[in-house]
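Here are the chains, one letter per residue:
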Amino acid sequence: GTLRNLFAQADNVKQKKRRESLIENAEKVLLYRELVTLDDSIPTNKMTSSTLFQGMSSLRMSSFDSNRLFDFYKRMELNACQNQLESRLRSSGVNYKPPPSPEEYKGVPF
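Here the structure is a predicted model, which is why all the values come from computation and not from measurement. (Residues numbered from 1 in each chain as written. Predicted model: local features only at pLDDT ≥ 70, side-chain atom pairs only at ≥ 80, totals over all residues. Heavy atoms only, no water.)

Trainee: How would you summarise the confidence of the model for the protein chain if you had to cite specific residues and measurements?
Mentor: Predicted coordinates in areas of low pLDDT are best not read in detail. Here the protein chain averages 80 in pLDDT, and 75% of its residues register 70 or above. Averaged pLDDT values for the elements of the protein chain fall to 74 in helix α5 (residues 102-105) and rise to 91 in helix α2 (residues 16-36). (pLDDT = per-residue confidence, 0-100. Helix = DSSP H or I, 4+ residues; strand = E, 2+ residues; numbered from the N terminus.)

Trainee: Describe in detail a nonpolar patch on the surface, supporting the description with residues and values.
Mentor: Where nonpolar side chains cluster on the molecular surface, the patch consists of Leu31, Tyr32, Leu35 and Val36 and spans about 450 Å² of accessible area. With respect to the helices and strands, the residue leucine 35 is situated in helix α2. (Patch = residues over 30% accessible without salt bridge, like charges linked within 9 Å, V, L, I, M, F, W, Y side chains within 5 Å. Areas by Shrake-Rupley, 256 points an atom, 1.4 Å probe, with all protein chains shown as cover. Salt bridge = Lys/Arg side-chain N within 4 Å of Asp/Glu carboxyl O.)

Trainee: Now, about the nonpolar core: what can you tell me, with residues and values included?
Mentor: One finds Phe7, Ala10, Val13, Leu22 and Ala26 forming the largest nonpolar core, which totals 5 residues. For alanine 10, the residues in contact, after removing those within four places along its chain, are Arg19, Leu22 and Ile23. (Core = buried A, V, L, I, M, F, W, Y, C linked by side-chain atoms within 4.5 Å. Buried < 20%, exposed > 50% of the residue type's maximum accessible area, 1.4 Å probe, protein only. Contact = heavy atoms within 4.5 Å.)

Trainee: Describe the pattern of salt bridges, with residues and values.
Mentor: Summed over the entire model, instances satisfying the criterion amount to 2 salt bridges. Among the salt bridges present, the one from lysine 16 reaches glutamate 20, with a minimum N-O distance of 4.0 Å. Of this pair, lysine 16 and glutamate 20 are both found in helix α2, 4 residues apart, which corresponds to roughly one turn of the helix. By relative accessible area, glutamate 20 is classed as partly exposed at 34%. Across the pair arginine 75 and aspartate 71 runs a salt bridge, and its minimum N-O distance is 3.2 Å. One end of the pair, arginine 75, and the other, aspartate 71, are both in helix α3 (residues 66-75), 4 residues apart, so they sit about a helical turn from each other. Note on aspartate 71: relative accessible area 29%, which makes it partly exposed.

Shown next as structure tokens:
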């Protein structure tokens with residue numbers, strides 16, 4: 001079903017706390033869903049004025065700092081992304097070194 005159907009049937013939920021939570025948070029959930037929904041009606045030729053743009057494949061990232069990305073994933077607690085990046089880097093043979101552990105930082109004066 002859809003979120004709207006779920007909220008329309010909220011009164012039928014037997015668990016009191018779940019029912020109350022659905023009813024109380026319906027507007028927020030619908031707003032959040034709208035905020036994270038990408039607008040796919042924008043034509044790609046309006047996305048950039050750069051003469052370098054040569055279609056969607058030209059937007060592909062050619063290189064990146066894997067250690068910096070790994071550190072970002074770690075700080076944001078994006079564990080699945082962190083594990084996937086680590087796995088891909090190991091299998092690709094890229095010279096990858098994970099960030100130091102807190103133990104390795106003990107002797108560093110800040």
